[in-house]
Structure formats: C-alpha cells, structure tokens
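# Architecture at a glance
What follows is each chain in one-letter form.
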Amino acid sequence: MCDGNRRWARSAGFPDVSSGHQAGADKIFELLEWCQDAGVEVVTLWLLSTDNLSRPAAELEPLLRIIEDTVRQLVTEQWHVKPVGALDLLPAETARTLKEVADATTGNTGLAVNVAVGYGGRHEIADAVRSLLHDHASRGTTIEELAGFLTVEHIAEHLYTAGQPDPDLVIRTSGEQRLGGFLLWQSAHSEFYFCDAYWPAFRRVDFLRALRSYAARHRRFGT
C-alpha cells in the first residue's frame, strides 16, 4: 500500500503534490528489484483507489498521467503486468493504457506485478459476485440452484486476482494502520506490517525489516 506521497511532498516543501506522486512512482522500480532479489513472485501495488477518483481534477489528472507513464515503463522492465481494478471507472486513455500494457506483457515470466488502479476491495467483491451471476445465468442456472452450491471458491474465481495466490504479507507505509479497502477478500489470512516512512522515503532496510518481521511470525491460518 504505497501511502504518503502527498504528505512526503508537503514535508519536503514541494508546492505541488504531483512531486510526491512522481517520487512514489520512481520508488516502485526500486521495490520491484528488492522483491526480485528476495524471491517474491507476486507483488500488488495499490496506485489509485476508487475513493481517489473523487479528488480534484487538478491533482487527479497529473496523477493519472504519472500512472500511465509508470505502467508503460514496467513494460520496458519486462515484468508481467496485470491491471487490478474497475477499468470501467477510469478515463478512457488510462483504461486503454492499462489494457495495452497487460497485453504487451502477458507472455513475460518472472515477477508478476499487479497494478491496482481504480481499485476498491468492496467494489471488487461486488464485481466478482456480478460476474459470477452473469456466468451462471448464461448457463441457465437459476438463483435457487446457485444458492444451493455456491462456495467461497466460486466467488474467488471471479476476483480481479483470480488464479493468483492470496498475499502472504501486506505492507502499508506512512504510519497509517488500516486496510482502507485493500484486498479485503484476499488478505483474510495475510500478515500485516505497518511502516512509519512515507512511500517515497521507503528504503531497502525498511523492506528487509518487513520481511524479517514476517519470517518471525507463526502462521496458523485459523487452526
């Protein structure tokens, strides 16, 4: 959860918070190198929430351009990029860029990078249920029949992250200690690590501390 870009910009004396968004975007490429070195296989980066879409245009439009430039650069880095979010809520140019990047990197191996843009956990679950209902309606399944055999696995098959493992570790920067709607379904058994550093100031040592904290925990998965 790449949080604290605006506060970092203000604390650094920048008059425009876009400076913080750009610094945060630049930090992504450092993080992905650290993840690759550590053997991480899947990384999900929350870059823009559904709530963020209500920000003033003077802030939102430059942020969308930064996101578009960032995901295009991910193509040159040859990561496997997957958009995670409600693309129908995004401006056409941003949605088109995300789709093009996903298509361009679909055959790449190695680190999988989920870019959560226009993402909200509740919205994802609603989209998953909607997709499941449409799927079964097309097969002629009645609501009563679906209710009789529906399981959590059926819903999971329609999430934005379908086919991927649930996250082992969720890291949130900036000192905030809440999920804010991030991967609500997938993080049921995740471990959490909260770091005081703003995202642009997140260091490799902070990342390693998160991994050490995770490694020291005994995961019981409810048993």
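Residues numbered from 1 in each chain as written. Predicted model: local features only at pLDDT ≥ 70, side-chain atom pairs only at ≥ 80, totals over all residues. Heavy atoms only, no water.

As a further point, take the environment of Ser49. Within the fold, Ser49 resides in strand β1 (residues 42-49). The sequence separation of Ser49 and Arg6 amounts to 43 residues, and the corresponding C-alpha distance is 15 Å. Those residues in contact with Ser49 that sit more than four places away from it in its chain are Gly118 and Tyr119. Of note is the side chain of Ser49, whose polar atom sits 3.3 Å from the backbone nitrogen of Asp51. (Helix = DSSP H or I, 4+ residues; strand = E, 2+ residues; numbered from the N terminus. Contact = heavy atoms within 4.5 Å. Polar contact = N/O pair within 3.5 Å; in protein donor to acceptor, adjacent residues only side chain to side chain.)

For the pair helix α2 (residues 18-38) and helix α3 (residues 57-76), interaxial distance at closest approach is 9 Å and the crossing angle is 20°. When the axes of α2 and α3 are compared, the pair comes out roughly parallel. For the pair α2 and α3, the crossing hand works out as right-handed. Two secondary-structure elements touch here, α2 through Ser18, His21, Gln22, Ala25, Ile28, Phe29 and Leu32 and α3 through Glu59, Pro62, Leu63, Ile66, Thr70, Gln73 and Leu74. Here the residues of the contact of α2 with α3 sort into 8 nonpolar, 5 polar and 1 charged. (Axes fitted to C-alpha atoms, helices over the stretch in contact; angles between N-to-C directions. Parallel < 35°, antiparallel > 145°, perpendicular 65-115°, else oblique. Left-handed = near helix turned anticlockwise from the far one by under 90°. Nonpolar A, V, L, I, M, F, W, Y, C, P; charged D, E, K, R; others polar.)

Spatial strand order, β1-β3-β2: 3 strands in an open sheet with parallel pairing. Edge positions in the open sheet fall to β1 and β2 (80-84), since each of these has one partner strand only. Within this sheet the neighbouring strands show an average axis-to-axis angle of 20°, counted without direction. Packing of α2 onto the sheet brings it into contact with β1 and β3 (112-119), and relative to β1 it is tilted by some 160°. On the sheet, helix α4 (residues 92-105) packs against β2 and β3 and is oriented at approximately 145° with respect to β2. (Pairing = 2+ DSSP bridges.)

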